[in-house]
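Geometric and topological summary
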Protein chains: 2
Amino acid sequence: MNNPSKKISLFGSTGSIGCNSLIVIDSLNSNGYDISVKYLTTNTKIDILAGQIKKYSPAGVVIQDNDAYNEFRSKYDFKGLEVLQGKKGLMEIAERDDHDFLINALVGFSGLEPTIKAIQSNKDIALANKETLVVAGKIITSLTNKFNTRIFPIDSEHSAILQCLQGEDKKNIRRLILTASGGPFLNKTTEEMKNTSVEDALSHPNWKMGKKITIDSATMMNKGLEVIEAKWLFDMESEKIDVVIHPESIIHSMVEFIDGSIKAQLGIPDMKIPIQYSLTHPGRISSGYPKMDFTKFSSLRFEEPDLEKFKCLKIAYEVLKEEGTYPAVMNAANEIAVDLFLKGKIRFTEIPEIIEYNLNNHNNTDDYSLEDIIETDSQIRNQILRKYND
Amino acid sequence: MNNPSKKISLFGSTGSIGCNSLIVIDSLNSNGYDISVKYLTTNTKIDILAGQIKKYSPAGVVIQDNDAYNEFRSKYDFKGLEVLQGKKGLMEIAERDDHDFLINALVGFSGLEPTIKAIQSNKDIALANKETLVVAGKIITSLTNKFNTRIFPIDSEHSAILQCLQGEDKKNIRRLILTASGGPFLNKTTEEMKNTSVEDALSHPNWKMGKKITIDSATMMNKGLEVIEAKWLFDMESEKIDVVIHPESIIHSMVEFIDGSIKAQLGIPDMKIPIQYSLTHPGRISSGYPKMDFTKFSSLRFEEPDLEKFKCLKIAYEVLKEEGTYPAVMNAANEIAVDLFLKGKIRFTEIPEIIEYNLNNHNNTDDYSLEDIIETDSQIRNQILRKYND
């Protein structure tokens, strides 16, 4: 049960999820909640961070990037503000006991270790950083059990599933059905995708998000990551997790039960709703967020995903079945490949090729520690960067 | 909580809901339930009833129609079977304590008094007979509170809402959204509706149902009755119940919460799913009923209902606001008008005209007893029948 009084740290506060989280916190606080913001963090966006510091007066901030840290130091001087640096700073904050809740909106693998530190310090977590569960779901779930903490998903799909499961018995689930918009290339051919520009890949039809997740949506790796995330969040067998393409992103996801009944959660695509639910679950709080007007969405469409065209989703399904250290390999290769694509160093269609190559050359094992995951991640990254001289 | 061991009476066993209920009971019994069928009833379909008697060996049956009763008596002789007659027979069975659950699939106002007798005899009820709640919702809900019994809706819409509310706090509901197929005349003009044949009005696009409810679907009075039913089933303010047209009948209904999140229950249009849920709620039992294949429903559409064209829905909304004895007037006038239309005595578009005329000439009151409802019903029926010489 979520407590209306929270002291939170918001990791990744200057990104899309971070900024929306602060709007949600303002709204909750004007509706009887008492959420104070103890820590904010950014990678490089120090000016946005400075604005947030003025408004929320946190006890401290972390700036991950070294240059940005130095720039912040020379440019700003907030009285009494603790300014920490890098991953070390994140880890230190995650461990402190002057707050009780972490909103983790970090991007990619970097979210993993702070999440673990926060769990080990008995904090509940609202998790937007899906990579954490993808690469180390087994370790994370065993830790949340041990430390009796909870993870509330900040993801429209997993929030939808959590809501559909409310009051239902897990044993009655036939399957989870994650919806996928299909991204900007749903109706493009593989040939057209091959020649796509970074700009095209960054124009998502429904959601305004950060660059990494927008490219992941274009390749549909985002849905692949979500399928693996769902396995761990809901303790679900791999074969009970399906994906259906739904271009309008109105139905955020569904649960089919053993009696043939299906429950869906829907609404306009606005991350503030799942963010708020992560902070109020299983309760709800009145919000002034835009309402769904069914007459404006005169048609909701569905189709099967094309796994030959969206190879990343196919890869993720295979990795989901195999488990072990494969998810860490897939995720590391994907993060680097997306970065290379954004820098113009590879074609869009090379992203799945790089991932597949690295999976094929990896010795998978089910017997792994957190250190093995961290080492695998770093090894795969270096391997690809060497090859592409990045 | 529903008990897997039940002794039931099935009122209206030879209709569409009745026959489907028996299929569901067979399926539940092969899945660990222990449901015995103590009583079956029909209005006129004695041969179907005879088949059901052979299969289920009930203790007794009721035949409502006098001629059908006599024909059954001369045609069949089931050893040890008690055969009762008419409304009196239904009332007697509803009151008995040799069973604990009533499935009420009677048509129209005739379902009201047996429902009340069953509640007063401490039975839970699976209710397909929506007219019961429409005409006497206030009386019924006060009785279910007094006798601590429950009503489980057998209606795809209300079953959907019940499922969406599972695990949710009633105070967090912003509105209920009932979906309506719009029936066979969704895309017809009022002029075309005026000249429609009985056959056209009986061809519903999605659901195979009895004649009364099929005509109610064509006029959209069915949705009007459901709006009023929802008010009583879920103790909901009138202004929090909306209708949206959804021609595919895949989303069976929805609930919008105060945070902007919407939950929907969906699936193929098959009454066996809500019937089963009324017997298993809040649990679920595995079923072999056909599964939803999203690729076969490539588009789900929504639009606002046209209240000028579907006058019956407009009337029902007004009656919902006014309450009192108006719902009984509306329902009686509708039942008789539908019957007159089926007999070829009035045009399709005269149905709302007859209802409106009778409402306009009725002195509404909020201070009424069950007897007042019964008298109002009978008075309205006689009034219309006299006028149309039926």
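Residues numbered from 1 in each chain as written. Chains lettered and ligands numbered in written order. Predicted model: local features only at pLDDT ≥ 70, side-chain atom pairs only at ≥ 80, totals over all residues. Heavy atoms only, no water.

This next bit is on the domain arrangement of chain A. All names here are of chain A. Domain parsing of chain A yields domain 1 (5-153), domain 2 (156-267 + 290-315) and domain 3 (323-390). The C-alpha centroid of domain 3 is placed 23 Å from the C-alpha centroid of domain 2. Between domain 2 and domain 3, the residue contacts involve 24 residues of the former and 16 residues of the latter. In total, about 1700 Å² of surface goes out of reach between domain 2 and domain 3, with carbon and sulfur atoms giving 79% of it. On inspection of domain 2 and its partner domain 3, the count reaches 1 salt bridge. A salt bridge links E323 to K231, with the nearest nitrogen and oxygen atoms 3.0 Å apart. There are 4 residue pairs in polar contact (both at pLDDT 80 or more) connecting domain 2 and domain 3. Every element with two or more residues in the side of domain 2 that touches domain 3 is listed here: α8 (190-194), α9 (198-201), α10 (211-219), α11 (221-233) and α13 (311-322). The dominant element in the side of domain 2 that touches domain 3, judged by the number of residues it contributes, is α10, at 6 residues. Among the residues making up the side of domain 2 that touches domain 3, the classes are represented as 13 nonpolar, 5 polar and 6 charged. (Domains from an automatic or database assignment. Contact = heavy atoms within 4.5 Å. Buried area = accessible area lost by both parts, 1.4 Å probe. Salt bridge = Lys/Arg side-chain N within 4 Å of Asp/Glu carboxyl O. Polar contact = N/O pair within 3.5 Å; in protein donor to acceptor, adjacent residues only side chain to side chain. Helix = DSSP H or I, 4+ residues; strand = E, 2+ residues; numbered from the N terminus. Nonpolar A, V, L, I, M, F, W, Y, C, P; charged D, E, K, R; others polar.)

Now for the pattern of salt bridges. If you walk through the whole model with that rule in mind, you get 56 salt bridges over all chains. As a salt-bridge pair, D259(B) and R284(A) come within 2.9 Å of each other at their nearest N and O atoms. Separated into two different chains, D259(B) in the loop between β10 (251-257) and β11 (262-266) and R284(A) in the loop between α12 (272-280) and β12 (299-301) make up a pair that spans both. When its relative accessible area of 1% is taken as the criterion, D259(B) is described as buried. (Buried < 20%, exposed > 50% of the residue type's maximum accessible area, 1.4 Å probe, protein only.)

To continue, consider the relation of the copies chain A and chain B. With an axial shift of 0.0 Å and an RMSD of 0.0 Å, the rotation relating chain A to chain B amounts to 180 degrees. With respect to symmetry, the two chain copies, as superposed, fit the operation of a two-fold axis. In terms of C-alpha distance to the rotation axis, chain A has G167(A) as its closest residue, with the C-alpha 1.9 Å off the axis. The share of interface residues of chain A whose copies in chain B are also at the interface is 100%, consistent with both copies meeting through the same surface. (Least-squares fit on C-alpha atoms with pLDDT ≥ 70 in both.)

The final tally for this structure, using the stated rule, is 14 aromatic pairs over all chains. Ring centres of F72(A) and Y76(A) lie 5.2 Å apart, and the angle between their planes is 40 degrees; this geometry places the pair in the tilted category. By the burial criterion, F72(A) is buried, and Y76(A) matches it. In this structure, K387(A) is placed above the aromatic ring of Y357(A), and the distance from its NZ or CZ to the ring centre is 4.1 Å. Taking NZ or CZ as reference, R284(B) lies 4.3 Å from the ring centre of F257(A), over its face. (Phe/Tyr/Trp six-rings, centres within 6.5 Å; stacked < 30°, edge-to-face > 60°. Lys NZ or Arg CZ within 6 Å of the ring centre and 35° of its normal.)

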